[in-house]
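What follows is each chain in one-letter form.
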Amino acid sequence: MHAIGIDIGGTKIAGAVVTELGEIVAEDRVATNAADPDAMLDDVVTMVSRLRAAHEVGAVGVAAPGFIDASQSIVYYTPNIRWRNEPLRQKLQERLGDLHITVDNDANAAGWAEFRFGAGRLVSDMTMLTIGTGVGGAIVTEDRLFRGGFGTGGEIGHLRIVPNGLPCGCGARGCIEQYGSGRALQRMANDVADAGGIGSALADAREQNGGQLDGGIVGDLILADDPGALAALRRLGRHLGEACASLSAVLDPQLFVFGGGVASAGDRLLEPIKQAYLSNLPARGYHPEPDFVIAELVNDAGVVGAADLARIHARTA
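All of these numbers come straight from a predicted model, not from anything done at the bench.

Rules behind the numbers
- Residues numbered from 1 in each chain as written.
- Predicted model: local features only at pLDDT ≥ 70, side-chain atom pairs only at ≥ 80, totals over all residues.
- Heavy atoms only, no water.
- Pairing = 2+ DSSP bridges.
- Helix = DSSP H or I, 4+ residues; strand = E, 2+ residues; numbered from the N terminus.
- Contact = heavy atoms within 4.5 Å.
- Axes fitted to C-alpha atoms, helices over the stretch in contact; angles between N-to-C directions.
- Parallel < 35°, antiparallel > 145°, perpendicular 65-115°, else oblique.
- Nonpolar A, V, L, I, M, F, W, Y, C, P; charged D, E, K, R; others polar.
- Salt bridge = Lys/Arg side-chain N within 4 Å of Asp/Glu carboxyl O.
- Phe/Tyr/Trp six-rings, centres within 6.5 Å; stacked < 30°, edge-to-face > 60°.
- Buried < 20%, exposed > 50% of the residue type's maximum accessible area, 1.4 Å probe, protein only.
- Lys NZ or Arg CZ within 6 Å of the ring centre and 35° of its normal.
- Arc of directions from axis to C-beta.
- Polar contact = N/O pair within 3.5 Å; in protein donor to acceptor, adjacent residues only side chain to side chain.

(A) Molecular detail of the sheet that holds strand 13 (residues 291–294). With mixed pairing, the five strands of this open sheet are ordered in space as 11-10-9-12-13. Of all the strands in the sheet, just strand 11 (144–145) and strand 13 have a single pairing partner and so form its edges. Bridging between strand 10 (residues 135–141) and strand 11 involves two bridges; their strand directions are antiparallel. Bridging from a neighbouring strand, V140 pairs with L145 of strand 11. The strands touched by helix 3 (residues 106–117) within the sheet are strand 9 (126–131), strand 10, strand 11 and strand 12 (255–259), with strand 10 carrying the most contacts at an inclination of about 50 degrees. In this fold helix 9 (residues 267–280) packs onto strand 12 and strand 13, with an angle of close to 160 degrees to the strand it touches most, strand 13.

The following block contains the structure:
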């Protein structure tokens, strides 16, 4: 059975028709109208209609940022979209009545795609962190996606790692998201630029860009092995590695997978993560060590995972 996966992001809505083997046979995308949830719903319905026109489709999975309930129906809260206790599945079902609809967290969808078809396909227990503007998480244990009692489990980005640390958009302070995200990397790169020395290239790039360092500039300097940009990345990696050591004490995964834009740094990101992980691992030397890898599906993970989860949900409903 083919299924459609829809991945709703802060800037774009991506959609695809996906086979049972995780292959994309058709795709579409439009800009996200985050300020108008009703218009955004219209865009999703229109996209599904376009995608199913040339393909026999049995289910639709929608991956959305934020907290999703255990029945995979209601978006409790989305920070960048005006959804609060939004009955998203019901609204879509009313307009796409002949299709089975499932709603899931975007990081869960991406993690499931990596587990089924990507970097995690050879293990039974995997933890994924998506390092983008924020930090998302997905946990697979004993071949099942972990959701928790209310459906909102796996929000790794809001695990607190720094007591009384930086304020987070979730209302807490010191969350991983404030120390291990793309925004955190930009902040750290600015700190390195301000300090001079190895930060000179960062400072020059910032001046040439109107006094701002964006993710693209920092990423390019990382890939060029600029010492200042790499210093900021190592700082970010240290925080992520410390968090992974704590996660291992609870979840004991065989594999950590890192996705999102910052993960394009590859081994430059993984090395400081692994070093910090080993330095903070409980019972080091007597505890099996997981592998650390970069996600394989990259930008397709959200739609592929959403489609596969919808297919599974349709068959067990």
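From this point on, the discussion continues.
(B) Up close: the packing of helix 3 against helix 10 (residues 301–316). At their nearest, the axes of helix 3 and helix 10 sit 7 Å apart, and the two run at 85 degrees to each other. Taken as axis vectors, helix 3 and helix 10 run roughly perpendicular relative to one another. Note on element contacts: helix 10 touches helix 3 through A301, G302, V304, G305, A306, D308, L309 and I312, opposite N108, A109, A110, W112, A113, E114, R116 and F117. Taken together, the residues of the contact of helix 3 with helix 10 break down into 10 nonpolar, three polar and three charged.

(C) Looking closely at the pattern of salt bridges. Counted by the stated rule, this structure contains 14 salt bridges. For the salt bridge of R121 with E296, the shortest nitrogen-to-oxygen distance reads 2.9 Å. Pair noted here: R121 is in the loop between helix 3 and strand 9 and E296 is in the loop between strand 13 and helix 10, with a separation of 175 residues, a long-range link. Linked through salt bridges whose partners overlap, the residues forming this network are R116, D308 and R311.

(D) Expanded view of the packing of aromatic side chains. Here the structure, examined in full by the defined rule, presents six aromatic pairs. Here the aromatic rings of W112 and F115 are separated by 5.3 Å at their centres, their planes lie at 40 degrees, and the arrangement is tilted. Here W112 pairs with F115, and both are found in helix 3, just three residues apart, close to one helical turn. By relative accessible area, which is 7% here, W112 ends up buried. Directly above the aromatic system of Y179 lies the positively charged group of R187, at a separation of 5.7 Å from the ring centroid.

(E) Local environment of the packing of helix 7 (residues 215–223) against helix 8 (residues 227–251). Helix 8 packs onto helix 7 with a crossing angle of 105 degrees between their chain directions and a minimal axis gap of 8 Å. The angle between helix 7 and helix 8 falls in the class roughly perpendicular. Only A229, L230 and L233 of helix 8 make contact with helix 7, whose side of the interface consists of V218, L221 and I222. Considering only residue class, the contact of helix 7 with helix 8 consists of six nonpolar, no polar and no charged.

(F) Main features of the pairing of strand 7 (residues 83–86). Direction of pairing for strand 6 (residues 75–78) relative to strand 7: antiparallel, over a ladder of three bridges. Of the residues in strand 7, the one forming a bridge with V75 is E86. Between strand 6 and strand 7, which follow one another and run antiparallel, lie four residues.

(G) Helix 7, seen in detail. Among the residues of helix 7, I217, V218, L221 and I222 are the ones counted as buried. Here the buried residues of helix 7 occupy an arc of 135 degrees about the axis, which is enough to place them on one side. At its buried positions, helix 7 is contacted by helix 5 (182–195), helix 6 (200–208), helix 8 and helix 9. Two or three places before G216, at the opening of helix 7, D214 has a side-chain oxygen 3.2 Å from that residue's backbone nitrogen. With its phi angle positive at about 60 degrees, D225 sits one or two positions after the end of helix 7.

(H) How the structure looks around the side chain of Q178. By the element assignment, Q178 lies in helix 4 (residues 177–180). Apart from residues no more than four positions distant in its own chain, Q178 is found in contact with L166, P167, C168, G169, A184 and R187.

(I) Up close: the environment of A203. One can find A203 in helix 6. Note: C-alpha distance between A203 and G228 (25 residues apart in sequence) is 9.5 Å.

(J) Geometry of the pairing of strand 10. When you tally the buried positions in strand 10, you get six out of seven residues, the bulk of the element. Here strand 9 pairs with strand 10 via six bridges, running antiparallel. Residue pairing for strand 10: T130 is matched across the bridge by G136. In textbook terms, the turn of a hairpin is the stretch between consecutive antiparallel strands, and for strand 9 and strand 10 this stretch comprises three residues.

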